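Observations on the three-dimensional arrangement
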Amino acid sequence: MTRWLGRTAFVLVTARSDTMAAPERASLDLDIKLPIAHLMLDPTCLRFLQTFGKPLGWEGVVLFWLDIDRLRAQPSHAQLLRLCEVVWNVYFQPNAELDIRRYVPKALRQAVAVRLREEDITPYLFDDIQDDLWCNAMQDLYQMFLKSSQYSQLIEHLVTTICAHATRGDQGMLLMKDTDCFQNPVGVQLLRSYLKTIKQAHLLDFCLSVITLQKRVTSPAQLMDDATTLIKQYIHPLGKHNLVTNPKMQKKIASRLVSPSSDMFEEAFVEVKELICAELIPQWLQSEHYAERFDKIERWM
């Protein structure tokens, strides 16, 4: 059966073997554990995760989770019904192309089947199944992936990308680009490990939470929950990590909770990101923490 969402195949290119094989390079040990939420939002990480899961029979779990995120963006009822039926046929029918029934409780599958028969559908038809997979099957896959050679290869690939973007400082050390501190999952974790030592990790956590909110298409109820959590933690004057001291901005963001949107934190996000780029990243680049980790990277390369 042809799947309805086009995907770029992950092609493993094998280099031509020369007469004399190059000595095997030692693995890179940076002790980095990429959060599963970051893996699911980064295209490169997803390709490695899918490649790892495919021979083990887990590929369908990853693809279903992504398909349901995209399903929520479909406009018309007729189109939505057709796509829901395709998803059901691909993932939940006997002998389905990517059968994931063994990972999903029967009661959840039956509830969706009834609604499909009655054409009682919404863009959030499969949300309960997606949530169950996230809490159970996806966590199992994630723990196996962290221990795999593919995960080590992913880390090395992301580090190589960081080095390709980096410049050389006056003393010859590689200096990371600011963009890789927010966009490259390894760069994010390297910066965060430093910010934890100076008790400023919540600044980066806020930015990452806003980026996640903007990238994912969620149900209105989930968006409300996520926005409320961000306000309580980072915006409210009595929040655990109050990052917004401007009363006008606090009120403006809080007022949008009546009808939340993915861009409601954009003004605060820009302000916090500018602080990180102007003060904390330059401080990190001059620190022993940074020098130790990039010394490992330089020796590995």
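Cut-offs and rules
Each chain carries its own residue numbering, running from 1 in the written order of its sequence. The predicted origin of the model limits local features to residues at a pLDDT of at least 70 and limits the giving and counting of side-chain atom pairs to 80 or more, whereas totals for whole chains, interfaces and linings rest on all residues. The basis for every side-chain value is the complete set of non-hydrogen atoms in the structure, without hydrogens or water. Secondary structure follows DSSP: runs of H or I at least 4 residues long count as helices, runs of E at least 2 residues long count as strands, and numbering of each begins at the N terminus. For this analysis, a polar contact is any N or O atom pair within 3.5 Å, provided that within protein one partner can donate a hydrogen and the other can accept it, and provided that sequence-adjacent residues contribute only side-chain to side-chain pairs. Ring pairs shown here join Phe, Tyr and Trp side chains whose ring centres sit within 6.5 Å, with only the six-membered ring taken for Trp; geometry is labelled stacked below 30 degrees between planes, edge-to-face above 60, and tilted in between. Exposure is judged per residue with a 1.4 Å probe applied to protein chains only, and the accessible area is read against the type maximum: over 50% gives exposed, under 20% gives buried, and values in between give partly exposed. By the criterion adopted, a ring carries a charge over it if an Arg CZ or a Lys NZ lies within 6 Å of its centre and within 35 degrees of its normal. pLDDT is a per-residue confidence score from the predictor, ranging from 0 to 100. Pairs of residues are marked as contacts when any of their non-hydrogen atoms sit within 4.5 Å. Using a grid of 1 Å spacing that covers the protein atoms alone, one calls a set of points a cavity when a 1.4 Å probe fits there but cannot get out, and a pocket when the set is open and has protein on both sides within 12 Å along at least five of seven lines; lining residues are those with an atom within 4 Å of a point. Grid points are joined across faces, edges and corners, and a volume is the space filled by probe spheres set on the points. Classification convention: Asp, Glu, Lys, Arg as charged; Ala, Val, Leu, Ile, Met, Phe, Trp, Tyr, Cys, Pro as nonpolar; all other residues, Gly among them, as polar.

**What about the side chain of S287?**
When you line up the elements, S287 lands in the loop between helix 14 (266–285) and helix 15 (288–300). Only 2.6 Å separates the side chain of S287 from the backbone oxygen of W284, close enough to count as a polar contact.

**Concerning the packing of aromatic side chains**
What the rule picks out here adds up to 13 aromatic pairs. Relative to F145, the ring of F52 lies with its centre 5.5 Å away and its plane at 50 degrees, an arrangement referred to as tilted. Taken together, the residues span a long stretch of sequence, with F52 in helix 2 (residues 43–53) and F145 in helix 7 (residues 137–146) at a distance of 93 residues. Judged by relative accessible area, which is 9%, F52 ranks as buried. Ring geometry for F64 versus F92: centroids 5.5 Å apart, planes at 85 degrees, classification edge-to-face. Linking F64 in helix 3 (residues 59–71) with F92 in the loop between helix 4 (77–91) and helix 5 (106–117), this pair joins segments that are 28 residues apart in sequence. The exposure class assigned to F64 is buried, which follows from its relative accessible area of 0%. Stacked on the ring of F182, the Lys or Arg K273 has its end atom at 5.0 Å from the ring centre.

**A closer look at unusual backbone geometry**
One non-glycine residue with positive phi stands out, namely N95, at about 60 degrees. For N95, the location among the structural elements is in the loop between helix 4 and helix 5. Residue classification places N95 among the exposed residues on the basis of a relative accessible area of 78%. The backbone of K199 sits at a positive phi, close to 60 degrees, despite the residue not being glycine. Within the secondary structure layout, K199 lies in the loop between helix 10 (185–197) and helix 11 (201–215). Judged by relative accessible area, which is 72%, K199 ranks as exposed.

**Examining the confidence of the model for the protein chain**
Per-residue confidence for the protein chain averages 87 on the pLDDT scale, and 90% of its residues sit at or above 70. Residue range residues 1–22 is modelled with pLDDT below 50. Its contacts to residues more than four positions away, or to other chains, number 26 contacts.

**Some words on the layout of surface pockets**
Empty space within the largest pocket amounts to approximately 820 Å³. By residue number, the principal contributor to the lining of the largest pocket is helix 12 (residues 220–235), which donates 7 residues. Along the lines of polarity and charge, the residues of the lining of the largest pocket split into 13 nonpolar, 11 polar and 7 charged.

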